[in-house]
Every structure is written in C-alpha cells, then in structure tokens.
Amino acid sequence: MSHVGVGPRAVMRSVAFLTAGALAVPALAACTSEEPKGKPLAGQDTAAAARARIADGATLRWAADSVPETLNAFQSDADATTTRVAQAVLPSMYRMDETGRPVRNPDYLESAEVVDTEPKQVVVYKLNQQAVWSDGREIGAADFAAQWRALSGKDSAYWTARNAGYDRIEKIERGGDDLEVKVTFSRPYADWKSLFTPLYPKDVMGTPDAFNDGARRELKTTAGPFAVKKVDTKEDEVVLTGNPRWWGEPAKLKQIVLRAVPREKRVSQLAAGELDLAEIDPDTAEEVAVAAGPRDAGTGTPLMGPQGSPSASRQGRSAAQALRSWALAKGSDEDDAEEETLAREKREEALAKRERRQRALSGFEVRKSLEPAYTQLALNGADGPLADERVRRAVARALDRGKLAKAVLGPLGLPAEPVGSHIALAGQPAYADGSGALGEQNAKEARALLADAGWVPGGPVKKRKEGEKAAGAEGDKDGDGKKSEDGDDGTYIVGEDEKNDGKNEGGARNEDAGTDQESGEKHSSGKNTAQGGAPGAYAPKGTAAPAAAEAPVAKDGKALTLRFVLPSGPGSDALRTVADRVSDMLEKIGVGTDITKVPDESYFKDHIAAGEYDLALYSWPASAFPATDARPIYAKPVPAADGSLNVAQNYTRVGTDQVDQLFDRAMGTLDEGEARDLLRKADSRIWAAAGSIPLYQRPQLIAARKNLANAGAFGFETPVYQDMGFLKKGANGSRPSATPSS
C-alpha cells in the first residue's frame, strides 16, 4: 500500500511515520479543559513479557523496506529504516505511548517544563545524569545548541528537510548546571515537546559538511541501547549491536539485523529461516495463520484450510477428483495413464513442498493492530472538474466510507471504523469526528450538487480517443506497459463500459460479484446457474428489476470522467480494492472513473506530487503534533517567485486562509484545551472543502516467531528496543521447532 513517506517526524510529516507527543503542557494546565481519554480502535499486539523471562544474547533478523540512503533523520531522503535506526541508537526526549500521546523518556530526561511565558516562553530540560554519548562525553547543552543551529533555517548550507519548531527558538544556553538546558523561544510554541527527538551529537550537527555527509552511511557516536555496527549495501542490511556505554536496562538482544527484503519475498524468507520479524500483506498473513493453526499429529499438516475450512484430501482435491485421477492412472489407455501419472507426481511434489513450507511457517504467528496512519482519497482541486468545490463535495457525499473500511479491515478481524479526522486518530487527544461538516453519504444530494455545478445526466458519453493516455504517459492498466489482449490502451472508464463486466442486465454493477483478491473478502457470483439460464431469468414474478446505474452526467457535451491513478506494485492490492469500490459508488451518481495503474517508483513523484491525477489513494502518518505536522499538508498553496505554485505537502491543492489561521493559532497557544478546539475547527473546515477524504486506519500485520517477545504490531507506541528478545526455553511451554539464530 502506498505511503507518503515513512520516516521520523523530524523530517516532515510526509516522512513522519512514527511520532511522539501531544499538545499538553502540564506546567500550564490550570486553564486547560479536560476531556475523557479516548482509546485507540485496536490495541498493540507485541507478545509483551517481563524482561526476566527473556533470554540474553540472540540476534533478531527484522525485515526492512530498504537500506537507508542516510542515517540523518533530518534529511529529505530519510525513510522508515532511518527512523528505526534512530530510535534504537539515539536519544529521544519524548516517546509515543500506546494511545498516541507523548511520554517523557526517563533514560534521557528527568524533567522538562515551561518555566516562563512572559516576556518569552522558556523551557528547562533536566537531563539524566548518567546519559552519555558512546565516546564518553556527557549529553548536554552543546548538543542541543548545535541541532538548533543546523535546523533553524538560518544557514542554507545545511541541507535540511524542514525547520518547524527550531525556527521559533531564540537561544539555547546552559542552565543551573551541566545537566540543565535552557531553551528560550522567540514566539510561543505549543509543540515544544516535538523538538530534540532524535537528538544527534554536536559532531554531526556542528558544521554543514558534517550534517550533509557525515551521518549518511555511519554514525560513529551514538547514545542508545544499540549502536550502528555497519551499513552493508552489498548484503542489503544494517547491523546494530549493543552499546557498551548504555546506562539503562541492558539490551536483551546481542544484535538487530535490519534486512532489506521486498514484501513479496518475505514469506519465502520466513519459511527459509532467514527472518524472525516482518511486516506482511494479507495473503501472507493468511498463509502464516493457517500454518500456525492446529496440525494433524501424523502428517503435521494443518487441520484447517484457508478461511477456516477443513482440509480436503491430502492433495487438496475432492474425493471425486481423486477417484477420477486414480482411474485414469490405472486405466487401459496408456497415453492417458502416463499423462495422469506424471500429473500426480507433480502434484505430490508440489504438495510436499507446500507441507515443508507450512511446517517451517508453523513457528510463526500473525500479530496485528492498526498502524498510526490513515488512507485517504485525495481530490486534486488545482484544475478541471474538481476545482469546483461542489463537484468535490458531490464525490465525497457519494462515498460510503464505512463500507470501504469494512472491505479492507473486516476480513482481517480488525475494527472497521472509518477515520473521522484529518489531524488525529481515535485515542489521541485532538481526535473528534468532524465529517459532519461535509455530511453523510447521500447519492441524491450528491447528484443535486453536480446539477448545481452544471453536470446533468443524459449528456453524451465520449469514448477515449485512440492513443489518448490518462494521468501521464506512464499509465497502463496492467502496470507493465503492455496493452491488454483486447487491444485497448491499458485503461478503462467506469460508467462508460458497454460490456457486461460483472454487471446485471439492468447495467448496475453487482457489488457482491466475484472475489475480492485484495482484501481476501469472498463474494458469491450473484448469477442464476440454472441450465440455459441468464442472470435474473428465473426471478419470481413481481421481483423488482435491478437498479440501473445513473446515466453519466455531462456538461458542455463532455462526460464527467475523473482520472484515478493507482500504484501497480504487489503491496498495493488493498488500494485497488478500495479504488474499484469507490468507482462503483461514483458510477451511481453518474461520474465515471478512468483507472490507471502506474509503477510504484513513479506513483508519487510523477503523479501525486506533480498533480497529474484527479483521484488518488495514499496514506498519511498520524502525528501527536498536528498543529505543526498537519499544517503543511492542508495549507493553502501560494504562488512561488518563479510563477509556479508552492503546494508544500498539500498535494490536493485545496486550502483556505481560515484553515491556515486556525493552525497558526493552535501552534501559538500553550493552553491544551484551546489548541485542541482550534485544531478541531480546522479539521471541520478541511472536511467542508472536500479535498481530502479520510477513509480508514491502515492495518498492521506482522509475522513474528512465536517465542519473540515485546515486538510485533506496535500500534502508536515507540518500540522499546532493549526489551525485545526471545523467551527462555520453557518460558512459554515448548519451544517452536524453528529457532532464532544466536
């Protein structure tokens, strides 16, 4: 599934996947309005265990998406693996807890509080007196000051990705002693807890050359439970080893190997014993879950097949099929007998291979939760039909977000609740369902909005001209640049297809037809299978005719057809499921969609960021600092000096001055309740503008060895790397047959 980046919040929210913090300022909480704490929709699933039950000295092999281009989390090419490394080896003043709130990290910080607000905001940090860098030097004010200067934005020689928060600092100085750091702000900053996480040593931040190039492939000085041993681009792995100068609870693991493994190859690596922990897709999760289930004592094969169905014969064939195969193999026709014998041998070989794979996977289990990220439908309001707010609102009102969430999350056994906010997720302090500002799903009102904008049913539906491409030259239906066998150009237009493709005779798409391969949801065909029959031919007398699809709407002789761009990679199956259902919903209000699949590597750069789309699906990570992190996503685009449009991270190109002002006011108040109210008002206005429609919180599916503790689907919480490890023998009963490396 497509993310817009997955790195630390220090870079930008587009690469701000794991964040820590909220708007709370305890020292100034007297005037704060209190609200009951909400709960995340799904808890974390990490097989939590006490440290005393965990063995010392093993190696954890953890699948990663990449070997990072940089270990500097504040550079634009930082990624998810950069984040993971930084969390394990560098100081963080605050961590995110399981509810998406910031908590002080006692390994580094004894206290932090706002001590003055007039004439300037002043925050005093008191550091843990044991906290030292791996070279023996104390962590102190010099490191804070070096990071501020590098990230303040005042020196363009530093190639930084963003400066949010650091640009509000006026000065940093030593406090009452070496353990105190005094930070004075030039302007009030609510999100001050977002700063100095991660904290780099002054020898990385001290000069532009060191910042730009000194921490890309190595980190000589660290201060976490682990240190960077090597970044091996040939072996596609990053090796972390225990930090001998670490003062906190010692790491249970000897090493963590972050190994770059493509998503589609992870199940094979798990079965081969090459990985202990890996994020996986729904199909792999099903395979692992089946293998981990009850097994036949004699054969070792699972007692239950996929979807919980009893296993059939040993070859997975029905009794009738097995009998026919035996008859052919033993029959008098030598050619048929030889052919069937060879086929039986191939099936036996394939079955044996599958059983070996299942036995290997039986040492794993699936741990699942919801990621701190949500998938949205983006509507490009820069030009074309979607530049009209009425058309955007009509598209949004046509969507049944509950059904879309259920299609993705329901088959996985996860809470299928649509996301109601652009700025927070359920369980976070700022979360409130603001979708009422847009209105509930209502096809009749959606059609009325279209009519008000001049798009009325009954107009001509134009076919695509030969050679015409959608959403850029790279678009193709099959994702491989080839035309399909019927000679089309690789695209199709929902609402303009005259073929009876999964539709009933009335022309309406049967939403229950076929198999949803992406989400794993199964549907009946919906067809009448009586001999010689056609769908609906034998419906009882008086049965209502199937509802016809709404006639395509048109304006000035042109049908309303929207370019829907999707990534074509194997990890984006759920997005394609959602896109198909969105297209069905839009068809019911007369809006067509031209779906084009493009290579993953060009999806974001050449289409989303470039504005070459009308509709798109991608994910934003949640933030505990929405005033800071969400503002560039929803800020009103402004003209740049060269005449182009500076959209920051607002790839929908939809924004208002009012939303910008509300974010700025939230960022500048130190009252938690006031900030929360301002953010919710901003969210309501974002909903009303209908440029971004949050759909569902992303699923988090992790394959983990059954005896691996304190690791898996972390949800909101920042991992505690020193507590991860494998249970001692006998701590959870018998040890799985597949064991970790040591």
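Everything below is about the structure shown above.
Since this is a predicted model, take the numbers as computed values, not measurements.

K.L.:
Describe the pairing of strand 1 (residues 58–64), naming the residues involved and giving the relevant values.
P.N.:
Where burial is concerned, most of strand 1 is hidden: 7 out of the 7 residues are buried. Sheet analysis places strand 1 next to strand 10 (residues 253–260), joined by 7 bridges and oriented parallel. Across the sheet, arginine 61 pairs through a bridge with valine 257, a residue of strand 10.

K.L.:
So what's going on with the side chain of asparagine 243? Residues and values would help.
P.N.:
The residue asparagine 243 is located in the loop between strand 9 (237–242) and strand 10 in this model. What makes asparagine 243 buried here is its relative accessible area of 8%. A polar contact of 2.9 Å, which involves the side chain of asparagine 243, links it to the backbone oxygen of glycine 224. Residues in contact with asparagine 243, not counting those within four places in the same chain, are Ser134, Ala223, Gly224, Pro225, Phe226 and Ala227.

K.L.:
Give me the lowdown on the environment of glycine 242, citing residues and values where you can.
P.N.:
Residue position: glycine 242 is located in strand 9. Residue classification places glycine 242 among the partly exposed positions, given a relative accessible area of 30%. Along the primary structure glycine 242 and leucine 253 are separated by 11 residues, whereas in three dimensions their C-alpha atoms are 7.6 Å apart. Residues within four places of glycine 242 in sequence aside, it is in contact with Pro225, Phe226 and Lys254.

K.L.:
Lay out helix 17 (residues 672–689) in plain terms, naming residues and giving numbers.
P.N.:
In an α-helix, one full turn covers 3.6 residues, which means residues spaced three or four apart are oriented alike. Helix length check: helix 17, at 18 residues, gives a terminal C-alpha distance of 26 Å against a target of 26 Å (1.5 Å per residue), a fit within 8%. The secondary structure elements touched by the buried residues of helix 17 are helix 9 (389–397), helix 10 (401–409), helix 14 (626–629), helix 15 (631–634), helix 16 (657–668) and strand 24 (692–705). Two residues or fewer past helix 17, alanine 690 is found with a positive phi of approximately 55°.

K.L.:
Can you lay out the pattern of salt bridges for me, pointing to particular residues and giving the numbers?
P.N.:
Counting across every chain of the model gives 32 salt bridges. The closest approach of N and O atoms between aspartate 56 and lysine 252, which form a salt bridge, is 3.2 Å. Of this pair, aspartate 56 sits in the segment before strand 1 while lysine 252 sits in the loop between strand 9 and strand 10; the two residues are 196 residues apart in sequence, bridging distant segments of the chain. A relative accessible area of 60% means that aspartate 56 is categorised as exposed.

K.L.:
A description of the pairing of strand 12 (residues 364–379) should follow, citing residues and the corresponding values.
P.N.:
When you tally the buried positions in strand 12, you get 13 out of 16 residues, the bulk of the element. Of the strand pairs in this sheet, strand 12 and strand 24 are connected by 12 bridges, and their pairing is antiparallel. Considered in strand 24, the bridge of valine 366 is made with alanine 703. Pairing geometry for strand 12 and strand 21 (residues 615–621), over 7 bridges, is antiparallel. Across the sheet, leucine 377 pairs through a bridge with leucine 617, a residue of strand 21.

K.L.:
Explain helix 10 to me, using residue names and the numbers behind them.
P.N.:
Taken residue by residue, helix 10 has Arg401, Leu404, Ala405, Ala407, Val408 and Leu409 as its buried positions. Capping of helix 10 at its N-terminal end is provided by aspartate 400; its side-chain oxygen lies 3.2 Å from the backbone amide nitrogen of glycine 402.

K.L.:
Mind laying out the nonpolar core, listing which residues take part and the relevant values?
P.N.:
With 108 residues, the main nonpolar core has Met93, Tyr125, Phe196 and Leu240 as its most contacted residues. Top contributing element to this core by residue count: helix 2 (residues 141–151), with 7 residues. Not counting residues up to four positions away in its chain, the partners in contact with methionine 93 are Val103, Arg104, Asn105, Tyr108, Leu109, Tyr125, Leu127, Phe144, Leu195, Phe196, Thr197 and Leu199. With 59 residues, the next largest nonpolar core counts Val288, Leu361, Val591 and Leu615 among its residues.

K.L.:
Run through a negative patch on the surface, naming residues and quoting values.
P.N.:
Taken together, the side chains of Asp333, Glu334, Asp335, Asp336, Glu338 and Glu339 define an acidic patch exposed on the protein surface. For aspartate 335, the position within the fold is in helix 8 (residues 334–361).

K.L.:
How would you sum up the sheet that holds strand 7 (residues 180–185)? Please name residues and give values.
P.N.:
With antiparallel pairing, 4 strands are arranged side by side in an open sheet as 4-5-7-6. Of all the strands in the sheet, the pair left with one neighbour each is strand 4 (109–116) and strand 6 (169–174). Averaged over all neighbouring strand pairs, the angle between strand axes comes to 20°, with direction disregarded. Direction of pairing for strand 4 relative to strand 5 (residues 122–127): antiparallel, over a ladder of 6 bridges. Bridge pairing in strand 5 places glutamate 113 opposite valine 124. In the packing of helix 2 onto the sheet, contacts are made with strand 5, strand 6 and strand 7, and the angle to strand 6 comes to roughly 160°.

K.L.:
A description of the packing of aromatic side chains should follow, citing residues and the corresponding values.
P.N.:
A full pass over the atoms with the stated rule returns 18 aromatic pairs. Between tyrosine 108 and tryptophan 246, the ring centres sit 6.1 Å apart and the planes meet at 55°, which makes this aromatic pair tilted. Of this pair, tyrosine 108 sits in the loop between strand 3 (102–104) and strand 4 while tryptophan 246 is found in the loop between strand 9 and strand 10, placing the two residues 138 residues apart along the sequence. On the basis of relative accessibility, which here comes to 4%, the residue tyrosine 108 falls in the buried class. Where phenylalanine 604 meets tyrosine 651, the ring centres are 5.1 Å apart and the plane angle is 90°; that geometry is what we call edge-to-face. Of this pair, phenylalanine 604 sits in helix 13 (residues 600–608) while tyrosine 651 sits in the loop between strand 23 (645–646) and helix 16, and the two are 47 residues apart along the sequence. Looking at phenylalanine 604, the relative accessible area reads 26%, which means it is partly exposed. Every member of this aromatic cluster is reached through a ring pair, and the members are Phe74, Tyr94, Tyr125, Phe144, Tyr166, Trp192, Phe196 and Tyr200.

Calculation rules
- Residues numbered from 1 in each chain as written.
- Predicted model: local features only at pLDDT ≥ 70, side-chain atom pairs only at ≥ 80, totals over all residues.
- Heavy atoms only, no water.
- Buried < 20%, exposed > 50% of the residue type's maximum accessible area, 1.4 Å probe, protein only.
- Helix = DSSP H or I, 4+ residues; strand = E, 2+ residues; numbered from the N terminus.
- Pairing = 2+ DSSP bridges.
- Polar contact = N/O pair within 3.5 Å; in protein donor to acceptor, adjacent residues only side chain to side chain.
- Contact = heavy atoms within 4.5 Å.
- Expected span 1.5 Å × (residues − 1).
- Salt bridge = Lys/Arg side-chain N within 4 Å of Asp/Glu carboxyl O.
- Core = buried A, V, L, I, M, F, W, Y, C linked by side-chain atoms within 4.5 Å.
- Patch = residues over 30% accessible without salt bridge, like charges linked within 9 Å, V, L, I, M, F, W, Y side chains within 5 Å.
- Areas by Shrake-Rupley, 256 points an atom, 1.4 Å probe, with all protein chains shown as cover.
- Lys, Arg positive; Asp, Glu negative; His and termini not counted.
- Charge placed at Lys NZ, Arg CZ, Asp CG, Glu CD.
- Axes fitted to C-alpha atoms, helices over the stretch in contact; angles between N-to-C directions.
- Phe/Tyr/Trp six-rings, centres within 6.5 Å; stacked < 30°, edge-to-face > 60°.

These figures capture arrangement, not role.
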